[in-house]
Amino acid sequence: MAQALGPDLLVDEGADGRPQWDNKFQYLLSCLGFAVGLGNIWRFPYLCQTYGGGAFLIPYLVALVFEGIPLFHIELAIGQRLRRGSIGVWTAISPYLGGVGLGCFTVSFLVSLYYNTVLVWVLWYFLNSFQQPLPWGTCPPNLNRTGLVEECQSSGTVSYFWYRQTLNITADIDHSGAVQWRLLLCQAASWAVVYLCVSRGIETTGKAIYFTALFPYLVLTIFLVRGLTLPGATEGLIYLFTPDVQILLNPRVWLDAATQIFFSLSLAFGGHIAFASYNPPRNNCRRDAVIIALVNSLTSLYASITIFAIMGFKATNDHGQCLDRNILSLINEFNLPELSISRDNYPAALLHLNTTQPGRIAQLPLRACSLQDFLDQGTSGPGLAFIVFTEAVLHMPGAPVWAVLFFGMLFSLGLSSMFGNMESVITPLLDMGIFPQWVPKEVITGLACLVCFLSATCFTLQSGSYWLEVFDNFAASLNLVIFAFLEVVGVVYVYGMKRFCADIEWMTGRWPNLYWRVSWWVVSPLLLLGILLSYIVLLTHRSPSYKAWNPQYELFPSQEEKIYPHWVQAVCLLLSFLPLLWLPASALAQLLARRRRENTQLDTALKLQDSSGC
Amino acid sequence: MLWLFFFLVTVIHAELCQPDAENAFKVRLSIRTALGDKAYVWDTNEEYLFRAMVAFSMRKVPNRETTEISHVLLCNVTQRVSFWFVVTDPSKNHTLPADEVQSAIRMNRNRINNVFFLNDQTLEFLKIPSTLAPPTDPSIPIWIIIFGVIFCIVIVATTLLILSGIRQRRRKNKGSSEVDDIEEKLESMGTLANSVPCDSLDMKGGHINDIFMTEDERLTPL
């Protein structure tokens, strides 16, 4: 048969009552918004910096071409073809693979919980940015007003605001502490905003995405212009892009590039499948896949230029302050006139004083100030946004404006990714038909958001950020890679490469060329297998420890490394393997249902035989 | 004789005011950091003003209302600008206790700072901690105000959205019930094709669409 599926499954647009995108641009923006998230801002620049600057682009591009784009194309194609969410798609490909869809659904749910918590933190900082001076710029005075709070003095104002005034963090994960009402309020607001935008599915997200997907680009451009005019920006950019080609020999670089591409495109969540399922059937999904993947990577690059211009400014600033502190110590000790030692002749002056009076110099608390050290202090993740960047913003003139813009940008970035996450949770729910027909869509989405909100209150506890790290490390990474591997294998080997290529030809008008077929057949599965194996190896080798903020620690403000207690380790294992259990469970259920059906068929056949008489 | 007396007095004075002497305080000024181009030069007149301010502060302490400027001694003035000072009692033989001087300076710190156009960081009295200003907390924190605004907007928008959804659904239900009525009426009239009575269609004037013919031929025969 030349046709891939029977004619009854070739539905026309809108005829099956499925919602549709208003226009192609909305669909592209939604996929782009889902793919472009917080990781583009705070993970990619860090990887670039750690892995030899410009040289990192090589493994990144290789991973994009051989892993990112082919996998992305598969997701869009099967979603558009089968016109179902992730669960429906997998059940259609093979009833025994329905577990993949259920697993993706579970992972999306877990990720929504903790991803929104990061948005809650961003919202809290956003709300606090509307004041001058910014609250994370000064330490509060202690109780009898003779000095500043001691914890703040040793750790620094920005860290104090983050760890104490925002999170009110406990010293270890065992002590849960109380629910922080401030964060709970922000969480209610955040989920209310998500519900507002997701309440009618793509009808509402399609309108909201115009703002949430485009606003970050505007802010990034503003920051880029501002950042490039700051002193020290060029040092930061040179440092970022100076290639160190030697580092390509380290296999860790290739692994991290592959992992970064994989998570950056938000593959295997089921969100892209859901978005593509609302497309008209004859839509060029191949071109969409290439466009969105390329724009996502370009966004990462653009963001890293902006971030590093500002990090260069911060490093220069810190370096200058370090020198100034040393100069002040020298001037105070030797009673030299003010401003007699400038930053430029500080080394000469130090040398002169060291030769004449080494004893007094030795007693002074002089720090070695090197610009390279300050540039090397790379951070990724929430630390970049809430500690490093907020400190940089403090030194920029007109600080509240920049803080509002920055956190507004982070909120819209996160929100557009949340749309994709919620779609990958809600579309399968709607497709499975759990709720009766008369229940309106708004109620279903409202229930989903309410359940997520209540479940996520555990992250507003004082130990919430430790739990977020647990979820981030264990709930998503391993499972998504396994599901993506099963996706490729399922489509290529179970659905059939020929059938799939014929579908794509029907949809886009061209048979996929050699590049696509080779990638799907061999390269992408191998790459995913490689990532999976290295993940497992790393997981078993790494001790289950975390970094705790403990003011009583003797090396405070360094974070204390503690081991997870046993029950937390059990939770980590549960998070890693629970979504995977859907696979055998669903296959088994399918097997049992089929056997029961065969038995009843056999029974009815025997009954007919009996009744007809022999 | 007079020379000897003068010499003795200077020696005693010198002994009373010395770096790290008992009840002596070190003061450090950073005039150029604070004022930049408008910085004044620290000379003996400024020192006189300083001694006057310290004497003024001491006069505010009960039992010390008779402190004179000459009771305040400065020594070891450096280029930094930094110096040591002590406050002596009227007999000029002993220095006043450090606690008294400290509390007096603390109470009048603001006025001393203002006289020299400096603040707590640029006019430092080492060993005298400054009282920090109370945190200027507004009665309602700003973040709650912004939060209230955003939350109200979101609630209003959500309510409007839900109401419009309900209205749309009601209109669709009414519309579909109307369509059902029309369909029933037409059914009673006669044969239908797409809810239009067949009799009204002019079959002879119609054209056959060739596209559909070729579509059928394209399908492979079973």
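Residues numbered from 1 in each chain as written. Chains lettered and ligands numbered in written order. Predicted model: local features only at pLDDT ≥ 70, side-chain atom pairs only at ≥ 80, totals over all residues. Heavy atoms only, no water.

Asker: When you look at the overall build of chain B in this model, what are you seeing that I'm missing?
Answerer: Regarding its fold elements, chain B presents seven helices and six strands. Counting from the amino terminus, helix and strand elements in chain B follow one another as α-β-α-α-β-β-α-α-β-α-β-β-α. Taking all 222 residues of chain B together, 28% fall into the buried category. A fraction of 59% describes how many contacts in chain B between residues 6 or more apart in sequence connect residues 24 or more apart. Just so you have it, chain B exposes about 15,600 Å², and 60% of that area is on carbon and sulfur atoms. (Helix = DSSP H or I, 4+ residues; strand = E, 2+ residues; numbered from the N terminus. Buried < 20%, exposed > 50% of the residue type's maximum accessible area, 1.4 Å probe, protein only. Contact = heavy atoms within 4.5 Å. Areas by Shrake-Rupley, 256 points an atom, 1.4 Å probe, with all protein chains shown as cover.)

Asker: Help me understand helix H1 (residues 24–35) of chain A, please; the structure alone is not making it clear to me.
Answerer: An α-helical turn contains 3.6 residues, so a residue and the one three or four places further along point in the same direction. Residues and elements named next belong to chain A. In a regular helix each residue adds 1.5 Å, so twelve residues correspond to 16 Å; H1 covers 17 Å between its end C-alpha atoms and thus fits that length. Most of H1 sits out of view: ten of its twelve residues are buried. Of all the positions in H1, only Gln-26, Tyr-27, Leu-28, Leu-29, Ser-30, Cys-31, Leu-32, Gly-33, Phe-34 and Ala-35 are classed as buried. (Expected span 1.5 Å × (residues − 1).)

Asker: In this structure, what is going on with the interface of chain B and chain A? I would like to understand it.
Answerer: Many authors give the size of an interface as the accessible area that is lost as the parts come together. Listed per partner, the contact involves 34 residues of chain B and 34 residues of chain A. Summing both partners gives a buried area of about 3,000 Å² for chain B against chain A, and 66% of it is carried by carbon and sulfur. Sorting the residues of chain B by area buried against chain A places B:Arg80, B:Leu132 and B:Trp143 first, and these three jointly supply 25% of that buried surface. One can count one salt bridge joining chain B with chain A. For B:Arg169, the salt bridge identified is with A:Glu442, shortest N-O distance 3.1 Å. Along the contact surface separating chain B from chain A lie nine residue pairs in polar contact (both at pLDDT 80 or more). Among the elements that make up the side of chain B that touches chain A, the one with the highest residue count is helix H6 (residues 142–189) of chain B (16 residues). Looking at the side of chain B that touches chain A residue by residue, the classes come out as 17 nonpolar, eleven polar and six charged. (Buried area = accessible area lost by both parts, 1.4 Å probe. Salt bridge = Lys/Arg side-chain N within 4 Å of Asp/Glu carboxyl O. Polar contact = N/O pair within 3.5 Å; in protein donor to acceptor, adjacent residues only side chain to side chain. Nonpolar A, V, L, I, M, F, W, Y, C, P; charged D, E, K, R; others polar.)

Asker: Looking at this structure, I do not really get the UniProt feature "binding site: Na(+)" (unreviewed entry) in chain A. What am I missing?
Answerer: Residues and elements named next belong to chain A. If you check UniProt for "binding site: Na(+)" (unreviewed entry), the listed places come out as Gly-33, Ala-35, Val-36, Asn-40, Ser-264, Asn-296, Leu-413 and Ser-417 in our numbering. Judged by maximum C-alpha separation, these annotated positions cover 385 residues in sequence but sit close together in space, the widest gap being only 12.6 Å. When its relative accessible area of 4% is taken as the criterion, Gly-33 is described as buried. Apart from the residues lying within four places of it in its own chain, the contact partners of Gly-33 are Leu-413, Ser-416 and Ser-417. According to the relative accessible area criterion, Ser-264 is buried, its value standing at 6%. Setting aside residues no more than four positions away along its own chain, Ser-264 makes contact with Ala-35, Asn-40, Asn-296 and Ser-300. (UniProt positions renumbered as here; feature names shortened; annotations may be inferred.)

Asker: Which parts of the structure should I look at to understand the state of the cysteines?
Answerer: Think of a disulfide as a covalent bridge from one cysteine sulfur atom to another cysteine sulfur atom. All names here are of chain B. In the structure shown here, the tally under the stated rule is three disulfides over all chains. Note on cysteine connectivity: Cys-17 is disulfide-linked to Cys-75, with sulfurs 1.9 Å apart. Every disulfide takes its handedness from the sign of the S-S torsion; for Cys-17 and Cys-75 that torsion is -80 degrees, giving left-handed. Taken together, the positions of Cys-17 in the loop between helix H1 (2–16) and strand S1 (25–29) and Cys-75 in strand S2 (residues 72–75) put the pair 58 residues apart, joining distant regions of the chain. Both residues of the pair, Cys-17 and Cys-75, count as buried. (Disulfide = S-S within 2.5 Å.)

Asker: What is the right way to read a positive patch on the surface from this model?
Answerer: On the surface, a cluster of positive charge is made up of B:Arg167, B:Arg170, B:Arg171 and B:Lys174. By the element assignment, B:Arg167 lies in helix H6. (Patch = residues over 30% accessible without salt bridge, like charges linked within 9 Å, V, L, I, M, F, W, Y side chains within 5 Å. Lys, Arg positive; Asp, Glu negative; His and termini not counted. Charge placed at Lys NZ, Arg CZ, Asp CG, Glu CD.)

Asker: Looking at this model, I keep getting lost on the nonpolar core. Mind explaining?
Answerer: One recurring pattern in soluble globular proteins is that nonpolar side chains are buried together. Residues and elements named next belong to chain A. Among the nonpolar cores identified, the biggest contains 181 residues, and Phe-407 and Leu-410 are the most heavily contacted of them. It is helix H21 (residues 464–508) that provides the largest number of residues to this core, a total of 23 residues. Setting aside residues no more than four positions away along its own chain, Phe-407 makes contact with Val-122, Tyr-125, Phe-126, Ser-129, Trp-136, Ala-385, Phe-386 and Thr-390. (Core = buried A, V, L, I, M, F, W, Y, C linked by side-chain atoms within 4.5 Å.)

Asker: Quick question: what am I supposed to make of helix H12 (residues 251–264) of chain A here?
Answerer: Residues and elements named next belong to chain A. Over its 14 residues, H12 runs 20 Å from end to end, which matches the ideal 20 Å to within 8%, given 1.5 Å per residue. When H12 is considered as a whole, its buried residues turn out to be Val-253, Leu-255, Asp-256, Ala-257, Ala-258, Thr-259, Gln-260, Ile-261, Phe-262 and Ser-264. Phi for Ser-266, located one or two positions after H12, is positive at around 55 degrees.

Asker: Looking at this structure, how should I read the sheet that holds S2(B)?
Answerer: Hydrogen bonds between backbone groups are what pair the strands of a sheet, and the pairing can be parallel or antiparallel. Residue and element names in this part refer to chain B. Taking strand neighbours across the sheet as the criterion, the four strands line up as S2-S3-S1-S4 in an open arrangement whose pairing is antiparallel. Since the sheet does not close on itself, it has two edges, and those belong to S2 and strand S4 (123–125), each with one partner. Shown here is a sheet whose adjacent strand axes are inclined to one another by a mean of 25 degrees, direction ignored. Sheet analysis places S1 next to strand S3 (residues 82–87), joined by four bridges and oriented antiparallel. In the sheet register, Val-27 faces S3, and the bridge partner there is Phe-83. (Pairing = 2+ DSSP bridges. Axes fitted to C-alpha atoms, helices over the stretch in contact; angles between N-to-C directions.)

Asker: Is there a simple way to think about unusual backbone geometry in this case?
Answerer: Trans peptide bonds make up the majority, and among non-glycine residues the majority have a negative phi. Cis geometry marks the peptide bond from A:Gln132 to A:Pro133, where omega comes out at 0 degrees. As for its position among the elements, A:Pro133 is in the loop between helix H6 (98–127) and helix H7 (150–155). In this structure, A:Ser266 is a non-glycine residue whose phi angle is positive, near 55 degrees. Its place among the elements puts A:Ser266 in the loop between H12 and helix H13 (271–277). In this structure A:Ser266 comes out as buried when scored by relative accessible area, which is 7%. Here B:Lys127, not a glycine, exhibits a phi torsion of approximately 75 degrees, which is positive. As for its placement among the helices and strands, B:Lys127 is situated in the loop between S4 and H6. Judged by its relative accessible area of 59%, B:Lys127 falls in the exposed class.

Asker: Before we go on, may I ask you to explain the packing of aromatic side chains in this structure?
Answerer: Remark: the centre distance and the inter-plane angle together describe each pair of aromatic rings, the angle taken between the planes. Tallying each qualifying case throughout the model produces 53 aromatic pairs over all chains. With a centroid separation of 5.8 Å and 35 degrees between ring planes, the pair formed by A:Trp516 and A:Trp520 is classed as tilted. Of the two residues, A:Trp516 and A:Trp520 both sit in helix H22 (residues 514–541), four residues apart, roughly one turn of that helix. Residue A:Trp520 is classed as buried on the basis of its relative accessible area, which comes to 0%. A cation sits over an aromatic face here: A:Arg81 above A:Trp506, 4.9 Å from the ring centre. The ring of B:Phe25 carries B:Lys127 above its face, with NZ or CZ at 5.7 Å from the centroid. (Phe/Tyr/Trp six-rings, centres within 6.5 Å; stacked < 30°, edge-to-face > 60°. Lys NZ or Arg CZ within 6 Å of the ring centre and 35° of its normal.)

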